[in-house]
Amino acid sequence: MEFISTRGFSDSVSFTEAVSQGLAPDGGLYLPLEFPDLTPFLGTWENLPYEQLCFEFFKLFATDMDPSILQDCIERAYRKFSVPEVAPLVPITEKWKVLELFHGPTLAFKDFALQLLGNLYEAQIARDGKNLTILGATSGDTGAAAISGLVGKKGVEVFILYPNGKVSPLQERQMTCTEASNVYPLAIEGTFDDAQKTVKEIFADLSFREEVGLSAVNSINLARILAQSVYYLYAWLRLGPDLRESTSFVVPTGNFGNVFAGWLLTKMNVPVHEFRVATNQNDVLHRLFNSGEYSLSEVSPSLAPSMDIQVASNFERLLYFMVNKDSVEVREIMDTFRQHGRYCFEDFTAGGFSSCRATDVEISELIHKVWKNHNYLVDPHTACAFKDLDPSQDSVILATAHPAKFPSVYEKVQMEIPKSPILESLLSIEPTKYEVGVDTDSVRSFILDKLAK
Ligand SMILES: *Cc1c(COP(=O)(O)O)cnc(C)c1O
């Protein structure tokens, strides 16, 4: 199968090339040239265990990988989850079911993609002999999930910058208590934006990039999207024939990666009633779906920090379909947006979506309400999905993180603080972190120094 860039200036590539490049050379995002029709498979896929469904699905895309290696990558990734269903579907009312995506090693849905991506990288290195250096900046969740997915992988060294003292103590432990010799958490003096800026500058240094085999693990990687499509399909198959076409998926959303992964199934002829995009007070997408205006805004820190974004980086993939795969128009729209910080769509039509927005006050209220009415504890991100949710609409609500990741929120709303044995076990491990200057030179020489070891 071939993969093409949304901006149309890059050559088409194979699956493994799209995975190792992440972003296309023309700045666009990779998508399959043509989508497989899943209709003939759905009957036989109905009762497959999670890992097997994932394998059958990925086989259609990863056509340049040896199937037995692909299968091994997938099995090892999901064996690390703490429940055999991997993504359990839990009914909380007659109409509502929660799809629990927090049973992976770092207790957030990002594990679905990053555990698999780590194994895919390793397989690729074993095949090509080219080592990879992963560099990223994090404000918490992504760094923890990326590190966990890459711990101990042969041929991969991982450098993650984070603002010292500005990530939650739990998130810091998740990054620094791995005891892995290929993982370097760099605590920098500054903000997340300072860390991000340094990372971008280092990526812009093409000779350094080539020299150390630099790669990123951000949410624009196509393998991350496809890995996330699988749990939508798994849930859809488990709904049973009478509910499949009438059920909505409700998705706590930041960069639009998660919900886009679900929507992609509709391109493969899996009929879904609707995708409901739930945002926090950083509501660039809620505004887009309501008014057709896509515009930059300041990030305002919320109780659901992993959804605190300024722009939704995966939106470009939906845009590509909205303009009927016209790369020229994608480029024009993205250019206008870059220059003016906003773009207004005349008659905006992104069929199949609705949206909602929850402020911090509403998040606190929703956590209480869902607990009181349904005896189910949601984390602050998942809480947003319950805003104005129609009780008579069949819905699958994606639970994106385990409540135990956000102890301070429950303290604030005066509820018992949830616990997780995985997080408790980190307390007995001595953290390892490196304090490094935030300037590009310091980070670059730190990387070279460690790679030379
Ligand atoms: C990353 C994250 C999100 C947002 O997902 P996107 O794919 O960026 O839309 C929501 N909830 C949690 C807990 C997350 O970690």
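Because the structure is a prediction, the values reported are computed rather than measured. Numbers given to residues run from 1 along each chain, matching the order in which its sequence is written. Given that this is a predicted model, residues contribute local features only at a pLDDT of at least 70 and side-chain atom pairs are listed and counted only at 80 or more, while totals for whole chains, interfaces and linings are drawn from all residues. Where side-chain values are given, they derive from all heavy atoms of the structure, hydrogens and water being excluded.

Q: Would you mind going over helix α14 (residues 327-340) in detail, with residue names and values included?
A: Over its 14 residues, α14 runs 20 Å from end to end, which matches the ideal 20 Å to within 8%, given 1.5 Å per residue. Of the positions making up α14, those classed as buried are Ser327, Val330, Arg331, Ile333, Met334 and Phe337. Along the axis of α14, the buried residues cluster in a sector spanning 170°; they form a single face. The outward face of α14, more than 90 degrees from its buried face, is lined by the exposed residues Gln339 and His340. For α14, the secondary structure elements touched by its buried residues are β1 (3-5), β11 (293-295), α13 (315-322) and β12 (342-344). Measuring from the side-chain oxygen of the N-cap residue of α14 to the backbone nitrogen of Val328 gives 3.1 Å; that N-cap residue is Asp326. Helical segments are the DSSP runs of H or I of at least four residues, strand segments are the runs of E of at least two, and each set is numbered from the N terminus. Directly beyond the C-terminal end of α14, a positive phi value near 75° is found at Gly341. The span one expects for a helix is its residue count, reduced by one, times 1.5 Å. Only protein chains enter the calculation, and the probe is 1.4 Å; a residue is then buried if its accessible area is under 20% of its type maximum, exposed if over 50%, and partly exposed in between. The arc under discussion is defined with respect to the helix axis, by the directions toward the C-beta atoms. The criterion used for residue contact is that any of the two residues' heavy atoms lie within 4.5 Å. In protein, a polar contact means a hydrogen-donor-capable atom and an acceptor-capable atom, both N or O and within 3.5 Å, with residues adjacent in sequence counting only if both atoms are side-chain atoms; elsewhere, any N or O pair within 3.5 Å suffices.

Q: Which residues make up the sheet that holds strand β15 (residues 434-436), and what values do they have?
A: When DSSP locates at least two bridges between a pair of strands, those strands are taken to pair. Overall, parallel pairing links the 5 strands, which are arranged β8-β5-β6-β7-β15 in an open sheet. Looking at the sheet topology across the chains shown, the edges are occupied by β8 (214-215) and β15. Inspection of the sheet shows strand β6 (residues 156-163) paired to strand β7 (residues 183-188) by 6 bridges, in the parallel sense. Residue pairing for β7: Pro163 is matched across the bridge by Ile188. Against the sheet, helix α6 (residues 141-150) engages β5 (132-137), β6 and β7, with an angle of about 165° to β6. All axes are obtained by fitting lines to C-alpha atoms, using only the stretch in contact for helices, and the reported angles, taken between N-to-C directions, cover 0 to 180 degrees.

Q: If you had to explain the pairing of strand β9 (residues 248-252) to someone new, which residues and values would you point to?
A: A regular strand carries its side chains on alternate faces of the sheet. Most of β9 sits out of view: 5 of its 5 residues are buried. Here β9 shows two buried faces, one formed by Ser248, Val250 and Pro252 and the other by Phe249 and Val251. Call a crossover right-handed when, viewed with both strands pointing away from you, the route from the first strand across the helix to the second goes clockwise. With helix α11 (residues 257-264) bridging β9 and its parallel neighbour strand β10 (residues 274-279), the resulting β-α-β unit is right-handed.

Q: Before we move on, can you summarise the layout of surface pockets with the specific residues and values?
A: Put plainly, a pocket is an open set of points on a 1 Å grid over the protein atoms alone with protein on both sides within 12 Å along at least five of seven lines, a cavity is a set where a 1.4 Å probe fits but cannot get out, and a lining residue has an atom within 4 Å of a point. Grid points are joined across faces, edges and corners, and a volume is the space filled by probe spheres set on the points. Space inside the second largest pocket adds up to approximately 190 Å³. The wall of the second largest pocket is formed by Pro105, Thr106, Ala144, Ser148, Val151, Gln174, Cys177, Thr178, Ile422, Leu426 and Ile429. Each residue is assigned to one class: nonpolar for Ala, Val, Leu, Ile, Met, Phe, Trp, Tyr, Cys and Pro, charged for Asp, Glu, Lys and Arg, and polar for all the others, Gly among them. Classifying every residue of the lining of the second largest pocket gives 7 nonpolar, 4 polar and no charged.

Q: Account for the site of the ligand, with residues named and values stated.
A: Here a residue is near a molecule or strand as soon as one of its heavy atoms is found within 4 Å of it. In the neighbourhood of the ligand, 15 residues make up the surrounding shell, with Lys110, Gly254, Asn255, Asn258 and Thr400 lying closest. Between the ligand and Asn255 there is a distance of 2.7 Å, counted from an oxygen atom to a backbone nitrogen or oxygen. Contacts to the ligand include Asn258, whose backbone N or O atom sits 2.9 Å from an oxygen atom. Summarising the interface, the protein chains cover 97% of the accessible area of the ligand, which totals 390 Å² for the free molecule. Per-residue accessibility takes into account occlusion by the displayed protein chains alone, with areas from the Shrake-Rupley method and a 1.4 Å probe.

Q: Give a detailed account of the pairing of strand β14 (residues 395-399), specifying residues and quantitative values.
A: In terms of residue burial, β14 counts as a mostly covered element, since 5 of its 5 residues are buried. Neither face of β14 is exposed, since Ser395, Ile397 and Ala399 on one face and Val396 and Leu398 on the opposite face are all buried. Relative to β14, strand β4 (residues 96-100) is paired through 5 bridges, and the arrangement is parallel. Its bridge partner being in β14, Leu99 is matched across the sheet by Leu398. As paired strands, β9 and β14 are joined by 3 bridges and run parallel to one another. Across the sheet, the residue bridging to Val250 is Ile397, located in β14.

Q: Can you tell me about the nonpolar core, naming the residues and giving the values?
A: Here is a general trend for soluble globular proteins: nonpolar side chains tend to be buried in one another's company. Within this scheme, the nonpolar core is defined by two criteria: the residues are buried Ala, Val, Leu, Ile, Met, Phe, Trp, Tyr or Cys, and they are joined through side-chain atoms within 4.5 Å. Within the largest apolar cluster, 112 residues are counted, with the highest numbers of intra-cluster contacts made by Phe57, Phe58 and Tyr78. Considering every element that reaches this core, the biggest residue donor is helix α10 (residues 222-238), with 13 residues. In terms of nonpolar packing, the next biggest core, distinct from the first, is built from 31 residues, Ala108, Ala383, Cys384 and Ala399 among them.

Q: Got a sec to walk through the side chain of Gln174? Specific residues and values, please.
A: Along the polypeptide, Gln174 turns up in helix α7 (residues 169-176). Judged by its relative accessible area of 10%, Gln174 falls in the buried class. At 3.4 Å, the side chain of Gln174 forms a polar contact with the backbone oxygen of Thr106. Those residues in contact with Gln174, other than ones at most four positions away along the chain, are Thr106, Ala144, Lys405, Leu423 and Leu426.

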